[in-house]
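Reading the structure
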Amino acid sequence: MRVGYIGLGNMGQPMASHLAPAGFETTVFDLVPAAVQALVDTGARAAASPIEVARASDVLCLCVPADEHVRAVLLGEGGEGALDGLESGGIVAIHSTVRPETIEEMNEAAVKRGCRVIDAAVTGGEHGARARTLVFLVGGEDSAVEKVRPILEASSKKVIHAGPLGSGAKLKLAVNLFGYIHFAAVREAFALAEVAGIDSQHLIDATRANGQLSDAEMAFVPQAVAPQEQNVPPEREELMRGHLVIAEKDLAHALELARKQGLALPTAATVSQTMARVYRVDDPRRR
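Below is a summary of the structure that appears in this document. (Residues numbered from 1 in each chain as written. Predicted model: local features only at pLDDT ≥ 70, side-chain atom pairs only at ≥ 80, totals over all residues. Heavy atoms only, no water.)

Once that is clear, we can look at the pattern of salt bridges. Following the criterion strictly, the structure yields 16 salt bridges and no others. A salt bridge links E141 to R116; its shortest N-O distance comes to 2.8 Å. Here the residue E141 occupies a position in the loop between β7 (134-139) and α7 (142-153), and R116 occupies one in strand β6 (residues 116-123), the gap between them amounting to 25 residues. Across the pair R130 and E126 runs a salt bridge, and its minimum N-O distance is 3.2 Å. (Salt bridge = Lys/Arg side-chain N within 4 Å of Asp/Glu carboxyl O. Helix = DSSP H or I, 4+ residues; strand = E, 2+ residues; numbered from the N terminus.)

Counting 31 residues, the largest nonpolar core has Y5, I118 and F136 as the members making the most contacts within it. Among the secondary structure elements, those contributing two or more residues to this core are β1 (2-6), α1 (12-16), α2 (33-40), β4 (59-62), β5 (91-94), β6, β7 and α7. Leaving out residues up to four positions away in the same chain, I118 has contacts with I91, V92, A93, I94, V138, G139, G140, A144, V145, V148 and L165. By size, the runner-up hydrophobic cluster in this structure holds 26 residues, among which are V186, F190, L244 and M275. (Core = buried A, V, L, I, M, F, W, Y, C linked by side-chain atoms within 4.5 Å. Buried < 20%, exposed > 50% of the residue type's maximum accessible area, 1.4 Å probe, protein only. Contact = heavy atoms within 4.5 Å.)

What follows concerns the packing of aromatic side chains. A full pass over the atoms with the stated rule returns two aromatic pairs. Taking the centre distance of 4.7 Å and the plane angle of 10 degrees together, the rings of F183 and F220 count as stacked. With F183 in helix α8 (residues 167-195) and F220 in the loop between α10 (215-218) and α11 (221-224), this pair connects stretches of sequence that are 37 residues apart. Comparing F183 with F220 shows no difference in burial state: the two are buried. Arranged with centres 6.2 Å apart and planes meeting at 90 degrees, the rings of F220 and Y279 form a pair that is edge-to-face. Pair noted here: F220 is in the loop between α10 and α11 and Y279 is in the segment after α14 (275-278), with a separation of 59 residues, a long-range link. In this pair, the class of F220 matches that of Y279, namely buried. Grouped by ring-pair contacts, the aromatic residues F183, F220 and Y279 constitute a single cluster. (Phe/Tyr/Trp six-rings, centres within 6.5 Å; stacked < 30°, edge-to-face > 60°.)

When two helices pack together, their arrangement is given by the angle between the helix axes and the distance between those axes. Contact pair α8 / helix α9 (residues 200-209): the axes reach a minimum separation of 9 Å and the direction vectors enclose 135 degrees. Taken as axis vectors, α8 and α9 run oblique relative to one another. For the crossing formed where α8 meets α9, the hand is right-handed. Where α8 approaches α9, its residues A189, F190 and A193 are matched on the opposing element by S200, L203 and I204. Across the contact of α8 with α9, the residue classes tally to five nonpolar, one polar and no charged. (Axes fitted to C-alpha atoms, helices over the stretch in contact; angles between N-to-C directions. Parallel < 35°, antiparallel > 145°, perpendicular 65-115°, else oblique. Left-handed = near helix turned anticlockwise from the far one by under 90°. Nonpolar A, V, L, I, M, F, W, Y, C, P; charged D, E, K, R; others polar.)

Sheets are built from strands that pair by backbone hydrogen bonding, the pairs being arranged parallel or antiparallel. Reading across the sheet, the eight strands line up as β3-β2-β1-β4-β5-β6-β7-β8 and stay open at both edges, with mixed pairing between neighbours. Of all the strands in the sheet, just β3 (45-46) and β8 (156-163) have a single pairing partner and so form its edges. Here strand β2 (residues 25-29) pairs with β3 via two bridges, running parallel. Directly across from V28, in β3, lies its bridge partner A46. With respect to the sheet, helix α4 (residues 67-75) is in contact with β1, β4 and β5, its orientation differing from that of β4 by roughly 150 degrees. In the packing of α7 onto the sheet, the strands contacted are β1, β4, β5, β6, β7 and β8, and the crossing angle to β8 comes to about 165 degrees. (Pairing = 2+ DSSP bridges.)

Attention shifts here to the state of the cysteines. Enumeration according to the criterion identifies zero disulfides in this entry. Free cysteine C115: the closest other cysteine sulfur is in C61, separated by 14 Å. A relative accessible area of 2% places C115 in the buried class. (Disulfide = S-S within 2.5 Å.)

Phi at R132 is positive, roughly 60 degrees, even though this residue is not glycine. For R132, the position within the fold is in the loop between α6 (125-131) and β7. The exposure class of R132 is partly exposed, given its relative accessible area of 45%. Unlike most non-glycine residues, R280 shows phi in positive territory, near 60 degrees. Looking at the element boundaries, R280 is found in the segment after α14.

Dropping the structure here:
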């Protein structure tokens, strides 16, 4: 099967790195030449543009940052987009965490060209991508999902077909909401321990023993145990600001989905306004 991959960032690059070694004829594109070269080293072929990737693909995978990037890649900006290069019968798998409406919009555009879209959101982080232990959260028609499944299985331990188109995106927003609320809880629990004069290791021991502090949350603890008014070091500021932007985007999407369903998420709303504190980014207007 011919697979195209667009977006070779922290997640896309390790996810795509498993495809050529698994026997897929793989074509890739990214704005960063070094990211493309890393995939060429695994046996993939480099393309000069998104539409060139699409022309060489039966399944086109996207792992770009946000909704506007998905639209720009697939529809083009004042010119041809990747959808214009995909042959009839082709499938687009969108790995980005985006609004369910964006998935539906892209599918409508794809259907006009004889193609289909599935949402194949991903959870498990960069480490999971490299270790092939990701979990894919998928929405779409059964036949389309089954065609793409072998590609997803190349970098995952589990593929969850959550339902019709958009279901994967909705499930991912719920999963991320779970995580961000937990991160905020970890930050505040360690803040309370600090001001109350309790050794942070005792809080770790207690919450690990009773199962409250998960492995995923443990990765956040070193940041949480720092003095409360301490920001991240300047050399990590750009990285953490990037995490902040993604968190605020994902939480905004979750709150929008909840509003459309008539559901109030007061805890999520509060957390969405405090992520700069959680990530210790120096941004007074957001703290």
